[in-house]
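Observations on the model geometry
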Amino acid sequence: MRNWIKWGVWLYLILLVFEGALRKWVLPSLQEPLLVIRDPLLLAIYAMALFSGIVPRSPFLGVLAGLAVTSFLFSFLAGQTNILVTIYGLRTNYLHVPLIWVMAEAMDREDVEKLGSFVLLLMIPMTLLMVKQFQSPPDSFINRGVGGDEVGQIYGALGRIRPPGFFAFITGPMVFFPLGAAFFMHQATANRRLWMPVLILCGLMLIIAMPISISRGTMITTGIVAGGYTICMLCLGLINKSLVRFALIGVILLVALSFLPIFHEAQAVFMDRWDTAAAESEGDAWGSLTSRVTANFTQPFYTAARAPFFGMGIGVGSNVGARLLSGKVGFLLAEDEWGKTFLELGPLLGGAFIAFRVALTIYLFVIGLRALIEHRDALPLGIWGACAPIIFLHQWAPPTFLGFAVLGGGLLLASVNYVEDEDEEEDEEDEDENDDEEESDEDEIDDEDELSLIEIRKRRMRGL
């Protein structure tokens with residue numbers, strides 16, 4: 001049953017990456033049901049975990065259950081009568097989160113390494129598709145939005161849209177490539193599972209995707225993951241000849257990329273987008289980014305001051321909630337996650353839910369830091385850098401954000417389930433069994449032999 005759960009996680013990842021393609025091109029008429037295509041699979045994973053005895057135990061799950069029940073009661077007291085909106089809100093905030101601990105119970109480091117290699121390989125077709133979308137007109141079939149919506153993507157610059165790859169929107173690459181960067185840095189510096197030419201190709205795709213995306217968020221978050229991982233390597237002193245040689249090859253290939261027409265064109269479009277942002281913020285592009293981030297922490301508290309005590313009902317602030325209540329897609333309450341949370345749940349319960357997400361982010365950081373210090377392993381912190389902004393700050397109503405928040409948290413916890421630790425536990429169990437056999441044999445020998453065996457055991461323990 002454990003293997004079935006692992007296969008379920010793999011299918012969860014595949015659907016997470018390709019559900020946008022299904023909603024845009026394959027089954028556009030079913031784009032709304034496909035929004036929750038991973039939910040039946042998720043329930044199946046939970047059922048398998050329950051029947052196989054893989055039931056995670058964590059204080060976070062108890063708090064999560066309490067928040068879910070209270071959110072339902074607050075929604076009722078707020079007068080929100082559309083049960084579908086309430087169910088969707090509960091699903092968004094609470095249904096997927098326990099998968100983090102199910103993954104931690106069912107998977108180990110070997111599973112995480114394999115899944116990470118798959119993510120790296122996915123970067124190749126993802127980037128190639130983004131290049132094609134970048135070169136195509138905004139109204140082309142390949143650039144359609146969900147439900148077959150023409151010109152359904154976000155405008156970038158110089159007549160180009162921000163290519164989403166297989167995802168529904170550009171928000172997909174913004175959370176996909178940082179996770180890929182974490183696994184790329186890991187295999188480039190510590191434990192390479194892919195063939196070196198393939199790994200270099202994955203690195204090239206990662207570099208090309210940055211300007212092609214025309215997304216400042218994608219480039220900055222990916223750069224933060226790569227930079228943070230490099231700092232971890234420097235702190236551990238893991239700079240060796242092979243790493244220097246790999247870095248030299250990377251620099252040479254990066255220089256070679258600069259001569260490719262598509263890369264040069266992407267750079268020009270990206271810089272035009274950067275200049276446009278700078279012009280909109282009086283010449284300070286970085287200031288516009290920092291002010292946006294700062295507003296995510298300050299503005300919600302002004303929102304909380306005017307929010308009703310019981311809120312307006314969970315799910316009301318999502319696009320699905322807006323569609324069910326008003327018939328139009330949009331943000332009925334607030335665009336930022338914290339502001340939406342306060343307005344949906346009220347200042348008290350909303351603050352508790354935000355505190356839960358902050359505590360979860362800190363907890364995962366501590367796990368990653370412990371792995372770095374005790375096992376000289378930087379991968380957990382690399383995964384944390386990729387998923388922490390989604391867990392901590394981003395909206396969970398978009399299915400891509402929610403999926404990568406849960407997947408990243410689960411991969412981080414599973415990555416510290418080292419196979420060596422399991423082998424040591426088996427050895428300890430074998431030693432315990434041998435000790436039990438020795439104790440049974442002691443009953444059949446005389447007192448002198450018994451004392452000698454006890455002394456031998458004491459010396460053995462002192463040696464351990």
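Bear in mind the structure is a predicted one, so any value in this text is a computation, not a measurement.

This part is about the confidence of the model for the protein. Chain-level statistics for the protein give a pLDDT mean of 84 and a share of 83% at 70 or above. Here residues 421-429 scores under 50 on pLDDT; set against residues more than four positions off or in separate chains, the count is three contacts.

Turning to the environment of leucine 253, a few remarks are in order. Residue placement: leucine 253 occurs in helix H10 (residues 241-257). Exposure remark for leucine 253: the relative accessible area of 26% places this residue in the partly exposed category. It is 9.9 Å that separates the C-alpha atoms of leucine 253 and leucine 201, two residues lying 52 residues apart in sequence.

With respect to the helices and strands, glutamine 187 occurs in helix H7 (residues 171-189). Looking at glutamine 187, the relative accessible area reads 3%, which means it is buried. A distance of 3.1 Å separates a polar atom in the side chain of glutamine 187 from the backbone nitrogen of arginine 193. Excluding anything up to four places from it in sequence, glutamine 187 contacts Ser117, Leu120, Arg192, Arg193, Leu194 and Leu199.

A word on the packing of aromatic side chains. Under the defined criterion, the tally for this structure stands at 16 aromatic pairs. Geometrically, the ring pair formed by phenylalanine 167 and phenylalanine 176 is tilted, given 5.9 Å between the ring centres and 55° between the ring planes. Under the relative-accessibility criterion, phenylalanine 176 is labelled buried at 1%. Taken together, the ring pairs in this structure connect Phe60, Trp101, Phe356 and Tyr363 into an aromatic cluster. Above the plane of the ring of phenylalanine 134 lies arginine 160, whose end atom (NZ or CZ) is 4.9 Å from the centre. When the ring centre of tryptophan 396 is taken as reference, the NZ or CZ atom of arginine 357 above it lies at 3.9 Å.

Right, let's talk about the side chain of serine 140 for a bit. As for its position among the elements, serine 140 is in the loop between helix H6 (109-135) and strand E1 (155-157). A polar contact of 2.8 Å, which involves the side chain of serine 140, links it to the backbone oxygen of proline 137.

As a further point, take the packing of helix H3 (residues 59-77) against helix H14 (residues 337-375). A packed helix pair is summarised by two numbers, namely the angle formed by the two axes and the spacing between the axes. One can describe the packing of H3 onto H14 by two numbers: an axis separation of 11 Å at closest approach and a directional angle of 160°. When the interaxial angle is binned, H3 and H14 end up roughly antiparallel. Relative to H14, the crossing made by H3 is left-handed. Mapping the contact onto sequence places Phe60, Val63, Leu64, Leu67, Thr70, Ser71 and Phe74 in H3 and Leu345, Leu349, Ala352, Phe353, Phe356, Ala359, Leu360 and Tyr363 in H14. Looking at the contact of H3 with H14 residue by residue, the class counts come to 13 nonpolar, two polar and no charged.

Mapped onto the elements of the fold, methionine 174 is located in helix H7. With 42 residues separating them along the chain, methionine 174 and arginine 216 place their C-alpha atoms 9.0 Å apart. With residues near it in sequence (within four places) discarded, methionine 174 still touches Gly217, Thr218, Thr221, His394 and Phe401.

As a further point, take a nonpolar patch on the surface. On the surface, a nonpolar cluster with roughly 810 Å² of combined accessible area is contributed by Val69, Phe72, Leu73, Ile83, Leu84, Ile87, Leu324, Leu325 and Leu332. Mapped onto the nonpolar patch, the elements with two or more residues apiece are H3, helix H4 (83-95) and helix H13 (319-326). Considering the arrangement of structural elements, one finds isoleucine 87 in helix H4. Overall, isoleucine 87 belongs to the partly exposed group, its relative accessible area being 47%.

In an α-helix, one turn spans 3.6 residues, which is why side chains three or four residues apart end up on the same side. A large share of helix H5 (residues 99-106) lies buried, amounting to seven of its eight residues. For H5, the secondary structure elements touched by its buried residues are helix H1 (2-26), helix H2 (38-51), H3, H6, H14 and helix H16 (399-415).

To continue, consider the packing of H7 against helix H9 (residues 216-236). Interaxial distance between H7 and H9 falls to 8 Å at its minimum, and their mutual angle equals 25°. Judged on the interaxial angle alone, H9 and H7 are roughly parallel. Here the hand of the crossing between H7 and H9 comes out right-handed. Between H7, through Pro173, Met174, Phe177, Pro178, Ala181, Ala182, Met185, His186 and Thr189, and H9, the contact on the second element is made entirely by Gly217, Thr218, Thr221, Thr222, Val225, Ala226, Tyr229, Thr230 and Met233. Classifying every residue of the contact of H7 with H9 gives 11 nonpolar, seven polar and no charged.

A few words now on H14. The first and last C-alpha atoms of H14 sit only 35 Å apart over 39 residues, clearly below the 57 Å expected at 1.5 Å per residue. Taking the largest bend as the criterion, H14 deviates by roughly 125°, centred on glycine 346, and proline proline 347 comes between one and four positions later. Just downstream of H14, arginine 376 is the residue with a positive phi angle, here 55°.

Reading the values: the criteria
- Along each chain, numbering runs from 1 in the same order as the chain's sequence is written.
- Given that the model is predicted, a residue must reach a pLDDT of at least 70 before its local features are reported, and side-chain atom pairs must reach 80 or more before they are shown or counted; all residues, however, enter totals for whole chains, interfaces and linings.
- Only heavy atoms go into the side-chain values, all of them from the structure, while hydrogens and water stay out.
- By definition, pLDDT measures how confident the predictor is in each residue, and it falls between 0 and 100.
- Residue contacts follow a heavy-atom distance rule, with two residues in contact if any of their heavy atoms lie within 4.5 Å.
- By the criteria applied, helices consist of DSSP H or I runs no shorter than four residues and strands consist of E runs no shorter than two, each listed in order from the N terminus.
- The rule is simple: take the accessible area with a 1.4 Å probe, protein chains only, and divide by the maximum for that residue type; under 20% is buried, over 50% is exposed, in between is partly exposed.
- Pairs of N or O atoms are called polar contacts if they sit within 3.5 Å, as long as, within protein, a hydrogen donor faces a hydrogen acceptor (for residues adjacent in sequence, only side-chain-to-side-chain pairs).
- Ring geometry is summarised as follows: Phe, Tyr and Trp rings, the Trp one being its six-membered ring, pair when their centres sit within 6.5 Å, and such pairs are stacked at plane angles under 30 degrees, edge-to-face over 60 and tilted between the two.
- Only Lys NZ and Arg CZ are tested; either one counts as a charge over a ring when it is within 6 Å of the ring centre and within 35 degrees of the ring normal.
- Each axis is a line fitted through C-alpha atoms, and for a helix only the stretch in contact is used; angles between axes span 0 to 180 degrees, taken between their N-to-C directions.
- Angle categories: roughly parallel below 35 degrees, roughly antiparallel above 145, roughly perpendicular from 65 to 115, and oblique for all the rest.
- Two helices that cross are described as forming a left-handed crossing if the nearer one is turned anticlockwise from the farther one by less than a right angle, and a right-handed crossing if clockwise.
- When residues are grouped by polarity, Ala, Val, Leu, Ile, Met, Phe, Trp, Tyr, Cys and Pro land in nonpolar, Asp, Glu, Lys and Arg in charged, and all others, Gly among them, in polar.
- Like charges within 9 Å and nonpolar side chains (Val, Leu, Ile, Met, Phe, Trp, Tyr) within 5 Å are joined into patches, using only residues over 30% in relative accessible area that form no salt bridge.
- Exposure was quantified through the Shrake-Rupley algorithm and a 1.4 Å probe, taking into account, for residues, occlusion by the shown protein chains and nothing else.
- What counts as a salt bridge is simple: a side-chain nitrogen of Lys or Arg found within 4 Å of a carboxyl oxygen of Asp or Glu.
- Here the expected length of a helix is defined as 1.5 Å per residue gap, with one fewer gap than residues.
- What the bend at a residue measures is the angle between two axes, fitted to the seven residues ending there and to the seven starting there.

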